[in-house]
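# Secondary and tertiary structure notes
Letter by letter, the chains look like this.
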Amino acid sequence: TRTPVNVTVTGAAGQIGYALLFRIASGHLLGSDVPVNLRLLEIPQGLKAAEGTAMELDDCAFPLLRGIEITDDPNVAFAGANVALLVGARPRTAGMERGDLLSANGGIFKPQGKAINDNAADDIKVLVVGNPANTNALIAQAAAPDVPAERFTAMTRLDHNRALSQLAKKTGTTVSDIKRLTIWGNHSATQYPDIFHAEVSGKNAAEVVNDEQWLADTFIPTVAKRGAAIIEARGASSAASAANAAIDHVHTWVNGTAAGDWTSMGIVSDGSYGVPAGLISSFPVTTKDGAFEIVQGLDINEFSRARIDASVKELEEERDAVRALGLI
Ligand code: NDP
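Residues numbered from 1 in each chain as written. Predicted model: local features only at pLDDT ≥ 70, side-chain atom pairs only at ≥ 80, totals over all residues. Heavy atoms only, no water.

### Notes on the environment of alanine 49
Threshold: Numbered from the N terminus, helices here are DSSP runs of H or I no shorter than four residues, and strands are runs of E no shorter than two.
Structurally, the position occupied by alanine 49 is in helix H2 (residues 47-59). Here the alpha-carbon distance between alanine 49 and alanine 13, two residues 36 residues apart in the chain, equals 5.7 Å.

### Comments concerning the pattern of salt bridges
So the rule is basically this: What counts as a salt bridge is simple: a side-chain nitrogen of Lys or Arg found within 4 Å of a carboxyl oxygen of Asp or Glu. Residue burial is assigned from relative accessible area. The probe radius is 1.4 Å, only protein chains are included, and a residue is buried under 20% of its type maximum, exposed over 50%, and partly exposed in between.
Tallied over the full model, the rule gives nine salt bridges. Where aspartate 33 meets arginine 2, a salt bridge forms, and the shortest distance between an N and an O atom there is 3.8 Å. Of the two residues, aspartate 33 is situated in the loop between helix H1 (15-25) and strand E2 (36-41) and arginine 2 in the segment before strand E1 (5-10); the sequence distance between them amounts to 31 residues. With a shortest N-O distance of 3.9 Å, glutamate 316 and arginine 319 are connected by a salt bridge. Of this pair, glutamate 316 and arginine 319 are both found in helix H11 (residues 302-324), three residues apart, which corresponds to roughly one turn of the helix. Accessibility expressed as a relative area gives 14% for arginine 319, which makes it buried.

### Observations concerning the pairing of strand E13 (residues 280-288)
The condition is simple: A pair of strands is labelled paired if DSSP reports no fewer than 2 bridges between them.
Counted residue by residue, E13 has seven buried out of nine residues, so it is predominantly covered. Judged from the six bridges that link them, strand E12 (residues 263-268) and E13 form a sheet pairing that is antiparallel. In the sheet register, glycine 266 faces E13, and the bridge partner there is serine 282. Sheet analysis places E13 next to strand E14 (residues 291-294), joined by four bridges and oriented antiparallel. If you follow threonine 287 over to E14, its bridge partner there is phenylalanine 292. The turn linking E13 back onto E14 is made up of two residues, and aspartate 289 within it adopts a positive phi angle of 50 degrees.

What follows is the structure, given as structure tokens:
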């Protein structure tokens with residue numbers, strides 16, 4: 001029998017946590033033959049609700065779920081962790097300045113990075129979901145000098161999936177017909193969904209669409225502002241789709257991308273495509289045997305260059321702000 005994999009989820013009592021935990025426990029994160037131990041981290045006010053979720057997890061009698069531990073201590077939560085999903089974050093509230101938001105999140109992600117550094121398993125893989133995800137990932141990574149930097153990733157898979165869906169609708173195809181789509185930059189309104197290298201049923205997506213106006217005025221803003229549109233319609237922020245994207249991100253990281261395709265992930269830059277080394281930015285990425293590579297050699301046209309640069313500039317500003325706050 002296989003040794004259970006330890007999966008830590010922070011903000012476990014939140015709405016993304018609620019949509020995420022049952023799918024981890026039922027085998028969708030790591031595979032239908034991989035037993036898991038869940039470690040739920042919450043702030044003290046969230047512990048009781050996390051216990052309620054744990055009762056429901058028990059009541060599902062998932063064969064793969066070998067244990068659930070609930071704690072408000074990051075050192076306990078990350079002890080022996082193989083996979084960490086950092087979902088809990090301090091949301092932006094009305095009137096909050098960016099500096100306040102970054103410093104509130106620094107107070108969460110810096111100690112969590114240190115706790116991962118000191119307690120996690122050697123093969124730890126970290127996905128940051130809580131916003132501002134790229135910069136929160138940078139803060140945690142900087143606090144974990146003993147963990148390889150590339151193990152800290154930020155989620156842009158929801159943006160990727162949203163873009164797939166919009167492009168399939170536009171071209172009258174299905175999402176399985178689409179390959180090589182890329183989200184570049186920050187998981188924010190400046191993100192750039194790029195279809196110039198994408199394929200729809202084997203043909204170049206930009207040529208199939210053949211409508212730059214639609215790209216600039218409909219596709220890109222629809223993908224980038226989808227979160228706000230969902231809040232407007234649903235009266236609550238996206239949760240099931242965010243949880244689904246977190247599952248996809250880790251599943252792809254562990255199991256690899258399909259031949260001829262790639263995915264989008266926020267990962268530490270090595271300087272590729274003019275993105276300053278050390279920033280955690282979204283790239284086209286292939287994965288194999290748990291390691292990933294940035295897809296090289298793509299031709300970046302002017303339309304794309306301006307948008308990638310704008311998003312990367314925002315990442316640099318966030319990095320400079322957390323540096324000034326002493327968070328990295
Ligand atoms: P959610 O579960 O809805 O969201 C959690 C985080 O995910 C937010 O930062 C949110 O950012 C982010 N996020 C990223 N992508 C998306 C997306 N596409 N749609 C929606 N959210 C997205 O928040 P809740 O308030 O329901 O729950 C948060 C929980 O975290 C609470 O239980 C709280 O107690 C806990 N918490 C735990 C901490 C810890 O473990 N140390 C620290 C802080 C909080 P955005 O708000 O920008 O959408």
